[in-house]
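Spelled out, the chains give:
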Amino acid sequence: MNFIDKDLVSVQESRVLLERAAEARDTLAGYPQERLDAVAEAVNQAIAGRLLEFAGWSVEETGYGCLEDEVCQMEQLLCAQMKKLREMVCVGMIHEDEQLRTRDIGIPMGIAVVLCPAVSPAAAVASLALTCIKSGNAAVFIPPARAVRTVNRVIRAIKDAAAAAGYPIGAISCPETV
């Protein structure tokens, strides 16, 4: 009899993903804001081109919501978020007060472990991934049991777009075993 303990496999897979994220974190520490902005824009474009597909996966797998509402929610969320993110500086010189002779300097915090919701998982993952990219942080997304396939598919698309734009491999990931 061959018995594989999914919990143990999941823990090991998560450890490996966190090790890769730590390596990516070290690389990201040297990225200027302009480079992070370019990656965020590229990922946003990739997501925008596949909203219908992502929303369909979400509704089909979770059984929550309807396709039209999910697409509308994702469009509104990502449009508003990118508008706000474009105005922000997260890394490097954020603010300088010449009178007080102080500077606010932003640095990436490291690795975010993101617990994804079962409701609108595609929208949540896309939004949180853009925030992590903009701020130069690596992220490991943990999907709920009800949306494992959806979260993995969305993360795969985000990873591909981010890597093509120069984001380090391992900076955005998701375990396949939950």
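To be clear, the structure that these remarks concern was listed above.
What you see is a predicted model; the values in this text were computed from it and never measured.

**Student:** Honestly, the sheet that holds strand E3 (residues 111–115) in this entry has me stumped. Any pointers?
**Tutor:** Backbone-to-backbone hydrogen bonds join strands into a sheet, with any given pair of strands oriented parallel or antiparallel. Here 3 strands make up an open sheet; going across it, the order is E3-E4-E5 and the pairing parallel. The open sheet has two edge strands, E3 and strand E5 (172–173), and neither has a second partner. Bridging between E3 and strand E4 (residues 138–142) involves 5 bridges; their strand directions are parallel. Residue pairing in the sheet places Val 113 in a bridge with Val 140 of E4.

**Student:** Please clarify how unusual backbone geometry should be interpreted in this entry.
**Tutor:** Among all residues save glycine, negative phi is the norm, and among peptide bonds the norm is trans. A positive phi angle, near 60°, is found at Arg 101, a position not held by glycine. Here Arg 101 shows up in the loop between strand E1 (92–97) and strand E2 (102–106). Its identity as a non-glycine residue notwithstanding, Ser 120 has a phi of 50°, on the positive side. If you trace the backbone, Ser 120 turns up in the loop between E3 and helix H5 (121–134).

**Student:** Teacher, can you tell me more about helix H3 (residues 51–62) here?
**Tutor:** Working note: α-helix, 3.6 residues per turn, so residues spaced by three or four point in the same direction. Spanning 12 residues, H3 covers 16 Å between terminal C-alpha atoms, matching the ideal 16 Å at 1.5 Å per step. Residues Leu 51, Phe 54, Ala 55, Trp 57, Ser 58, Val 59, Glu 61 and Thr 62 constitute the buried set of H3. One or two residues past the end of H3 sits Gly 63, with phi positive at roughly 80°.

**Student:** Explain the nonpolar core here, please?
**Tutor:** One broad trend across soluble globular proteins is that nonpolar side chains are buried collectively. Among the nonpolar cores identified, the biggest contains 47 residues, and Val 43, Ile 47, Ile 133, Phe 141, Ile 158 and Tyr 167 are the most heavily contacted of them. Taken together, the elements giving at least two residues each to this core come down to helix H1 (6–28), helix H2 (33–48), H3, helix H4 (67–87), H5, E4 and helix H6 (148–164). For this core, the element with the most residues is H5, which contributes 8 residues.

**Student:** When you look at the packing of aromatic side chains in this model, what are you seeing that I'm missing?
**Tutor:** Between two aromatic rings, the relevant description is the distance of the centres plus the angle of the planes. Taken as a whole, this structure holds 1 aromatic pair when the rule is applied. Seen in terms of ring centroids, Phe 54 and Trp 57 are 5.4 Å apart; in terms of plane orientation they differ by 35°. Their pairing is tilted. Linking Phe 54 with Trp 57, this pair stays in helix H3, spanning 3 residues, or about one helical turn. Neither residue differs from the other here; Phe 54 and Trp 57 are each classed as buried.

Reading the values: the criteria
Residues numbered from 1 in each chain as written. Predicted model: local features only at pLDDT ≥ 70, side-chain atom pairs only at ≥ 80, totals over all residues. Heavy atoms only, no water. Pairing = 2+ DSSP bridges. Helix = DSSP H or I, 4+ residues; strand = E, 2+ residues; numbered from the N terminus. Expected span 1.5 Å × (residues − 1). Buried < 20%, exposed > 50% of the residue type's maximum accessible area, 1.4 Å probe, protein only. Core = buried A, V, L, I, M, F, W, Y, C linked by side-chain atoms within 4.5 Å. Phe/Tyr/Trp six-rings, centres within 6.5 Å; stacked < 30°, edge-to-face > 60°.

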